[in-house]
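Structural features, examined
The lines below spell out each chain.
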Amino acid sequence: MTTPAGSGMGFGSVSWWGLSPALDLQAESPPVDPDSQADTVHSVPKLDVLLLGSVDGRHLLRTLSRAKLWPRRRFNFFVLENNLEAVARHMLIFSLALEEPEKMGLQERSETFLEVWGNALLRPPVATFVRAQADLLAHLVPEPDRLGEQLPWLSLRALKFRERDALEAVFRFWAGGEKGPEAFPMSRLWDSRLRHYLGSRYDARRGVSDWDLRMKLHDRGAQVIHTQEFRRWRDTGVAFELRDSSAYHVPNRTLASGRLLSYRGERVAARGYWGDIATGPFVAFGIEADDESLLRTSNGQPVKTAGEITQHNVTEMLREVAAWGRCRATLGNPEEKQHAEGSLEPGTAAAPTPESFTIHFLPLDSAQTLHHKSCYNGRFQLLYVACGMVHLLSPELGACVAPGGNLIVELARYLVDMRQEQLQGFNTRVGELAQAAGFSPQAGARHSETFARFCKSPELALGNTDPAVEPRTLPLEVLAQPLEARSPSPEDLTDPLQGGTPHSEPCQPPSASPGSLSKVLALPQGALPPPNSESDSKTGV
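Here's a quick rundown of the structure. (Residues numbered from 1 in each chain as written. Predicted model: local features only at pLDDT ≥ 70, side-chain atom pairs only at ≥ 80, totals over all residues. Heavy atoms only, no water.)

**Concerning the overall build of the chain**
Within the chain, the regular secondary structure consists of 18 helices and 14 strands. Counting every position in the chain, which comprises 541 residues, the buried fraction comes to 58%. For the chain, restricting intrachain contacts to residue pairs at least 6 apart in sequence, the fraction spanning at least 24 positions comes to 80%. Carbon and sulfur atoms form 51% of the exposed surface of the chain, whose accessible area is close to 22,300 Å². (Helix = DSSP H or I, 4+ residues; strand = E, 2+ residues; numbered from the N terminus. Buried < 20%, exposed > 50% of the residue type's maximum accessible area, 1.4 Å probe, protein only. Contact = heavy atoms within 4.5 Å. Areas by Shrake-Rupley, 256 points an atom, 1.4 Å probe, with all protein chains shown as cover.)

Pasting the structure below:
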């Protein structure tokens, strides 16, 4: 797929934010079965969720923020990403969300969250926080005992040793191991991506952004995104301007990732910005709200922008999530714990216990091998698959879902480079892959153009797929040639990563990226590239 001029690859090969609104995973999971799901240690039901490509933790945070609306439950979130930078961002975002209120107030925490999560450029105070937190995490990753003490909600046990080493290297880069803005010249990299994406339309980029916003995003349900904020993000990468525009000038290193590129006939590892430059981070928290007054219109125009709705939603979410951090702070102090319990008003839900949730990060290439381990086979009540990871949906992955479990697949509704017929083809392909994996459409599920909902068919076992639903090649044109296949100009690259340095390890092949939507549309399931491709062998990941 190409645009009239340019690459048509606006969604990039690495996802930094979700392309769908945040979900409450408890609302999407099957009803609690106390007999089969009781935790023998904690005597509370468990919810085991496997998430492929959730990238920014929005579903996890919303689930925790709304936990008091549901019966008490113990959460086990198993997260599988396609790059270690996304794992590192998960850890940074959650450490920020669970920061003690005495160290950082709610408003400062929400503003820091928005800037780190969705802005290409940061204010100096936020950049200082990122460096300090990254330095702390870099010291914790290689020390499991200290990690368990300070971040008891986090588990890296399933990661390979080389992945932990590469994860530590990511944090050290964020902490400023390579000094100076030239280590990651974000403004130049953003402009280079934009020029390649738009091609001859670059000089008319404002008209292009207005067209994409009004004729695509607005038509697909994101009417609250304002022209001014969308233009600003397209031009500079700054989605949430909470202060004067001159305050944003420090590159956001958490948006850096490594790629293998073809340069003068050789494959070289380069660090750059390979994320979304087409849709933006407005969809995740900015187009829906529990408070309906935020979505009202006046004279046909929304009274609130997506940025204002995002700030409100994130602030309220972090307010609720702070309870999880407070309960951990009182752990080990019986007097504080007793005081907190005694201060609850009648009818108020009890605070979550310190062991109520754990985030487990899985190896990057483990989607097709999880079912070989008895601890994962048939374990999960809910499986979530992002649109960039749909090619991993298979009978092997379906075997990890318990009978009667649910599957939620993110659709490509908000990918502005995809035309309507391609969206329909993608939706059809998702249904075929889900059916081949042993799922069927949920009975009575509400219609949605953003998510496809399925449930596990108990009668289908691993390998017993219906020949009538075997994956087939759809007659859709392939998306534009990935960035790896072109010879970039020298200004497209930052300094090449030196051989032997750990920074080259996070480089991942494009097969597990949003760019792999082309493979979902155009390749049979058996033709998907193996996890260990050429870039794995060269980078050691």
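So much for the structure itself; the text now carries on.
**A look at the pattern of salt bridges**
Considering all chains together, one arrives at 24 salt bridges under this definition. Taking the shortest distance from any N to any O, the salt bridge between Asp-235 and Arg-206 comes out at 3.8 Å. Highlighted residues: Asp-235 in helix 11 (residues 227-236) and Arg-206 in helix 10 (residues 205-217), separated in sequence by 29 residues. Here Lys-216 ties to Asp-212 by a salt bridge, and the two come within 3.5 Å at their closest N and O atoms. In this pair, Lys-216 and Asp-212 both sit in helix 10, four residues apart, roughly one turn of the helix. A relative accessible area of 4% places Asp-212 in the buried class. (Salt bridge = Lys/Arg side-chain N within 4 Å of Asp/Glu carboxyl O.)

**Remarks on the packing of aromatic side chains**
Tallied over the full model, the rule gives 17 aromatic pairs. Measuring from ring centre to ring centre gives 5.7 Å for Phe-94 and Trp-153, while their planes differ by 35 degrees; the resulting arrangement is tilted. Pair noted here: Phe-94 is in helix 4 (residues 84-97) and Trp-153 is in the loop between helix 7 (144-150) and strand 4 (154-155), with a separation of 59 residues, a long-range link. One exposure class covers both Phe-94 and Trp-153, and it is buried. On the numbers, 5.4 Å between centres and 90 degrees between planes, the contact of Phe-171 with Trp-174 is edge-to-face. Linking Phe-171 with Trp-174, this pair stays in helix 8 (residues 161-174), spanning three residues, or about one helical turn. Owing to a relative accessible area of 2%, Trp-174 belongs among the buried residues under this scheme. (Phe/Tyr/Trp six-rings, centres within 6.5 Å; stacked < 30°, edge-to-face > 60°.)

**Digging into the sheet that holds strand 10 (residues 357-361)**
With mixed pairing, eight strands are arranged side by side in an open sheet as 4-10-2-1-11-12-14-13. Each edge of the sheet is formed by a strand with only one pairing partner; in this case those strands are strand 4 and strand 13 (439-441). Looking at chain direction, strand 4 and strand 10 are connected through two bridges and run parallel. Opposite Ser-155, over in strand 10, you have His-360 as the bridge partner. Here helix 3 (residues 58-65) sits on the sheet in contact with strand 1 (46-52), strand 2 (74-80), strand 10, strand 11 (380-385) and strand 12 (401-410), set at roughly 175 degrees to strand 2. (Pairing = 2+ DSSP bridges. Axes fitted to C-alpha atoms, helices over the stretch in contact; angles between N-to-C directions.)

**Concerning the packing of helix 4 against helix 6 (residues 124-140)**
Contact pair helix 4 / helix 6: the axes reach a minimum separation of 11 Å and the direction vectors enclose 110 degrees. As far as their axial angle goes, helix 6 and helix 4 are roughly perpendicular. Contacts between helix 4 and helix 6 involve Met-91, Leu-92, Ser-95 and Leu-96 from the first element and Phe-129, Val-130, Gln-133 and Leu-137 from the second. In terms of residue class, the contact of helix 4 with helix 6 is built from six nonpolar, two polar and no charged. (Parallel < 35°, antiparallel > 145°, perpendicular 65-115°, else oblique. Nonpolar A, V, L, I, M, F, W, Y, C, P; charged D, E, K, R; others polar.)

**Quick look at the nonpolar core**
Ranked by size, the top nonpolar core spans 110 residues in total, and within it Phe-77, Met-91, Phe-113, Phe-171, Tyr-273 and Phe-357 carry the most contacts. The leading source of residues in this core is helix 4, at nine residues. Not counting chain neighbours up to four residues away, the residues in contact with Phe-171 comprise Ala-88, Met-91, Ala-134, Leu-137, Ala-138 and Val-141. Ranked by size, the runner-up nonpolar core spans 37 residues in total, among them Met-9, Met-389, Leu-392 and Leu-411. (Core = buried A, V, L, I, M, F, W, Y, C linked by side-chain atoms within 4.5 Å.)

**Details of the environment of Gln-301**
Structurally, Gln-301 can be placed in strand 9 (residues 301-302). Residue classification places Gln-301 among the exposed residues on the basis of a relative accessible area of 53%. In this structure the C-alpha to C-alpha distance between Gln-301 and Gln-223, which are 78 residues apart in sequence, comes to 8.5 Å.

**Observations regarding the state of the cysteines**
Per the stated rule, a full pass over the model turns up zero disulfides. With no disulfide partner, Cys-375 has as its closest neighbouring cysteine sulfur the one in Cys-400, 9.2 Å distant. (Disulfide = S-S within 2.5 Å.)

**Brief notes about the environment of Pro-101**
Along the chain, Pro-101 falls in the loop between helix 4 and helix 5 (106-118). Judged by its relative accessible area of 37%, Pro-101 is partly exposed.

**Re the pairing of strand 2**
Counting buried positions along strand 2 yields seven of seven residues, so the element is predominantly enclosed. Side-chain alternation along strand 2 places Arg-74, Asn-76, Phe-78 and Leu-80 on one buried face and Phe-75, Phe-77 and Val-79 on a second face that is also buried. Bridging between strand 1 and strand 2 involves seven bridges; their strand directions are parallel. By the bridge assignment for strand 2, Leu-51 is matched with Val-79. On the question of chirality, the crossover connecting strand 1 to the parallel strand 2 by way of helix 3 is right-handed. In terms of strand pairing, strand 2 meets strand 10 through five bridges, oriented parallel. Looking across to strand 10, one finds that Phe-77 is bridged to Ile-359. (Right-handed = clockwise from strand over helix to strand, strands pointing away.)

**Some thoughts on unusual backbone geometry**
Phi at Val-55 is positive, roughly 55 degrees, even though this residue is not glycine. Structurally, Val-55 can be placed in the loop between strand 1 and helix 3. Despite not being glycine, Arg-264 shows a phi value in the positive range, around 55 degrees. Secondary-structure assignment places Arg-264 in the loop between strand 6 (257-263) and strand 7 (266-272).

**Considerations on the pairing of strand 6**
For a regular strand, side chains alternate in direction, first toward one face of the sheet and then toward the other. With seven of seven residues buried, strand 6 is to be regarded as a mostly interior element. Residues Ser-257, Arg-259, Leu-261 and Tyr-263 of strand 6 are buried on one face, and the alternating residues Gly-258, Leu-260 and Ser-262, pointing to the opposite face, are buried as well. Pairing of strand 6 with strand 7 involves seven bridges; the strand directions are antiparallel. The residue of strand 7 that forms the bridge with Ser-257 is Gly-272.

**Digging into the packing of helix 6 against helix 8**
Running from N to C, helix 6 and helix 8 point in directions that differ by 155 degrees, and their axes come no closer than 8 Å. When the interaxial angle is binned, helix 6 and helix 8 end up roughly antiparallel. Judged by the sense of rotation from one axis to the other, the crossing of helix 6 with helix 8 is left-handed. Of the residues in helix 8, those in contact with Arg-131, Ala-134, Leu-137, Ala-138 and His-139 of helix 6 are Glu-168, Phe-171, Arg-172 and Trp-174. Its residues assigned to classes, the contact of helix 6 with helix 8 shows five nonpolar, one polar and three charged. (Left-handed = near helix turned anticlockwise from the far one by under 90°.)

Geometric descriptors of this kind do not, in isolation, establish any biological role.
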